[in-house]
Amino acid sequence: MRFTSTITSAAVAVLAVAALSACKPAGTDNPASAPSEQVPAETAPSVDTAAPVTGPWAGLQNHIGKYPNESGLLTNSPIVEPLKTLLGDKYDTFVTNLGVQSPLTRDGDLLFTSGNKPHEGGMEGAYLILDPSKTTLEAGLWEKGKLTTYTSQGASLRKPADIQTMIQNNAE
């Protein structure tokens, strides 16, 4: 009987520790949304301050948390034509280089995804940053280890921390 009581007490203690460790202060769930050292805090809005999007790209909010391949972001969304125009004959390479990809993620008013060509990370990769409220975008494309950036005319988009890290890692 005493052995069972000891096991029960230990199980309760383990569950209590697990429950307490799951409690985090608000805003610590997504470290990727925290501004990096390269972006001053005043220019890197938090996820919670994103304004509601209206206009032609408002539907992009439905893609958040989904992989571009499963959501049709690169094949059946309002950004396809502007992206094809921006990239020209590099569009297919861009899609290929996003073959292994991250889900579309929100960082303040921006949305972004990144990835690499299967089995060729670091040499062949890509990222996409979208500003739905301004209908502007930036596409970064690595070919043979060299990054080329394509940006909507007149746009200057802040790079989310995850994209900054990707650029730094591929520069080494």
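The following paragraphs examine the structure supplied in this document. A quick note: this is a predicted structure, and the numbers were derived from the prediction, not measured.

So, about the overall build of the protein. A count of helical and extended segments in the protein gives 5 helices and 6 strands. When the helices and strands of the protein are placed in sequence order, the string is α-α-α-α-β-β-β-β-β-β-α. Looking at the 172 residues of the protein, the share that counts as buried comes to 35%. Across the protein, contacts joining residues at least 24 apart in sequence account for 48% of those joining residues at least 6 apart.

Positive phi outside glycine occurs at His119, with the angle close to 70 degrees. Mapping His119 onto the fold places it in the loop between strand E3 (110-116) and strand E4 (125-131). Of the residues examined, His119 reaches a relative accessible area of 84% and is grouped as exposed. For Thr135, which is not a glycine, the phi torsion comes out positive at approximately 45 degrees. As for its position among the elements, Thr135 is in the loop between E4 and strand E5 (136-143).

Turning next to the side chain of Ser77. Inspection of the secondary structure assignment puts Ser77 in the loop between helix H2 (68-71) and helix H3 (80-87). Judged by relative accessible area, Ser77 falls into the buried class, the value being 13%. Of the polar contacts made by the side chain of Ser77, one reaches the backbone oxygen of Leu73; its length is 2.6 Å. Setting aside residues up to four positions removed in sequence, Ser77 forms contacts with Leu60, His63 and Gly72.

Within E5, 7 of the 8 residues are buried, which leaves it mostly tucked inside the rest of the structure. The pairing of E4 with E5 spans 7 bridges and is classified as antiparallel. Of the residues in E5, the one forming a bridge with Gly125 is Trp142. Turn length for the E4-E5 hairpin, with the two strands adjacent in sequence and antiparallel, is 4 residues, and the turn residue Thr135 shows positive phi of about 45 degrees. Looking at chain direction, E5 and strand E6 (residues 146-151) are connected through 6 bridges and run antiparallel. Directly across from Gly140, in E6, lies its bridge partner Thr149. What sits between E5 and E6 in their antiparallel hairpin is a turn of 2 residues, with Lys144 showing a positive phi close to 55 degrees.

Definitions and limits used
- Residue numbers here run from 1 along each chain, matching the order of that chain's written sequence.
- Reporting in this predicted model follows two pLDDT cut-offs: at least 70 for local features of residues, and 80 or more for side-chain atom pairs to be given and counted; totals over whole chains, interfaces and linings ignore these cut-offs and use all residues.
- In computing side-chain properties, one takes all heavy atoms of the structure into account and sets aside hydrogens as well as water.
- Strands here mean DSSP runs of E at least two residues long; helices mean DSSP runs of H or I at least four residues long; both are numbered from the N terminus.
- With a 1.4 Å probe rolled over the protein chains alone, any residue whose accessible area is under 20% of its type maximum counts as buried; one over 50% counts as exposed, and the rest are partly exposed.
- Contacts: residue pairs with any heavy atoms within 4.5 Å of one another.
- Here a polar contact means two N or O atoms within 3.5 Å. Within protein one must be a hydrogen donor candidate and the other an acceptor candidate, and residues neighboring in sequence count only if both atoms are side-chain atoms.
- When DSSP finds two or more bridges between two strands, those strands count as paired.

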